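These are the residues of each chain, in order.
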Amino acid sequence: LSYDNQLYYNAMYFPAHSILMMAGFIYKPQLVRLARIWEDPEKHRRFDLLVLAMVGVIALVTGAMALLMGTAGIPLMSFMYGLDFEKFRGLCLVMVATGGVCACIDFLYQIVTVLRAQGDVSKLYLIAFAFSVPVAMLLVNFAGLAGAVVGSLVSMAILLTLLVMEYFGIRRRMSRGY
């Protein structure tokens, strides 16, 4: 991307990163508690409900950020950076969605670590990386800044999908006693 487009991309990533940080502030202090809940086999269902609840919280935070960006956020970013972001309103909202997906990825990785199966996800990151490089290059070459933003969302969505499938696979193996 050109320098100008890199500036816009990085500025649009700020709200997405804020979602990631807010989610971390909420769930990271709870990781030890989640590990203790997981230790008791009778509380595994409760553990799953807490995981689902946190994903819901991430969705709410993402929705709140989308609402903020859709109202005061775009003018505020334009003021802060001295650039007109109004023409990128749609891309800003796509980037907010990317932030929510990234927050879910970070959370699920922490959960897989609590389940002591973090070695299982290394291959998932490699698969997502192998897919994301050509997709991002094609999208950026085809659509510039819009391609970079959409490519980011697509790449993160692929990794999230792989992590969700792995989480369910780990839970299924653990429930069978493997």
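Residues numbered from 1 in each chain as written. Predicted model: local features only at pLDDT ≥ 70, side-chain atom pairs only at ≥ 80, totals over all residues. Heavy atoms only, no water.

Enquirer: Give me the overall build of the protein chain: which residues, what numbers.
Expert: For the protein chain, the helix and strand inventory stands at five helices and zero strands. Counting helices and strands in the order they occur from the N terminus, the protein chain gives α-α-α-α-α. Overall size of the protein chain, expressed as C-alpha extent along the three principal axes, is 55 × 35 × 20 Å. Across the 178 residues of the protein chain, 40% fall into the buried class. For the protein chain, the proportion of contacts with a sequence separation of at least 24, taken over those separated by at least 6, is 77%. Only carbon and sulfur atoms are counted for the fraction: they give 68% of the accessible area of the protein chain, which is about 9900 Å². Across the protein chain, the mean location of the 14 positive side-chain charges is 7 Å away from that of the 10 negative side-chain charges. (Helix = DSSP H or I, 4+ residues; strand = E, 2+ residues; numbered from the N terminus. Buried < 20%, exposed > 50% of the residue type's maximum accessible area, 1.4 Å probe, protein only. Contact = heavy atoms within 4.5 Å. Areas by Shrake-Rupley, 256 points an atom, 1.4 Å probe, with all protein chains shown as cover. Lys, Arg positive; Asp, Glu negative; His and termini not counted. Charge placed at Lys NZ, Arg CZ, Asp CG, Glu CD.)

Enquirer: Explain helix H5 (residues 122–176) to me, and be specific about the residues and the numbers.
Expert: The terminal C-alpha atoms of H5, which comprises 55 residues, lie only 23 Å apart, well short of the 81 Å expected from a rise of 1.5 Å per residue. Where H5 bends most, the angle comes to about 150°, and this point is Ala143. (Expected span 1.5 Å × (residues − 1). Bend = angle between axes of the 7 residues up to and from the residue.)

Enquirer: If you had to explain the pattern of salt bridges to someone new, which residues and values would you point to?
Expert: What the rule picks out here adds up to three salt bridges. In this structure, Arg171 and Asp48 form a salt bridge, with 2.7 Å as the shortest nitrogen-oxygen distance. With Arg171 in helix H5 and Asp48 in helix H3 (residues 44–81), this pair connects stretches of sequence that are 123 residues apart. Residue Arg171 is classed as buried on the basis of its relative accessible area, which comes to 12%. With a relative accessible area of 25%, Asp48 lands in the partly exposed category. Ionic pairing is found between Arg173 and Glu166, a salt bridge with its closest N-O pair at 3.4 Å. (Salt bridge = Lys/Arg side-chain N within 4 Å of Asp/Glu carboxyl O.)

Enquirer: Tell me about the packing of helix H4 (residues 89–114) against H5, and name the residues and values.
Expert: For the pair H4 and H5, the least separation of the axes is 10 Å and the interaxial angle reads 30°. One element, H4, and the other, H5, form an angle in the roughly parallel class. By crossing handedness, the relation of H4 to H5 is classed as left-handed. Grouping the amino acids of the contact of H4 with H5 by side-chain chemistry returns 25 nonpolar, two polar and no charged. (Axes fitted to C-alpha atoms, helices over the stretch in contact; angles between N-to-C directions. Parallel < 35°, antiparallel > 145°, perpendicular 65-115°, else oblique. Left-handed = near helix turned anticlockwise from the far one by under 90°. Nonpolar A, V, L, I, M, F, W, Y, C, P; charged D, E, K, R; others polar.)

Enquirer: Could you give me a rundown of the nonpolar core, with the residues and numbers involved?
Expert: Counting 50 residues, the largest nonpolar core has Met12, Phe47, Phe85, Ile111 and Leu145 as the members making the most contacts within it. Those elements that place two or more of their residues in this core are helix H1 (3–27), helix H2 (31–39), H3, H4 and H5. Residue contributions to this core peak at 13 residues, all from H4. Excluding anything up to four places from it in sequence, Phe47 contacts Leu34, Ile37, Trp38, Ile111, Val114, Leu115 and Tyr167. (Core = buried A, V, L, I, M, F, W, Y, C linked by side-chain atoms within 4.5 Å.)

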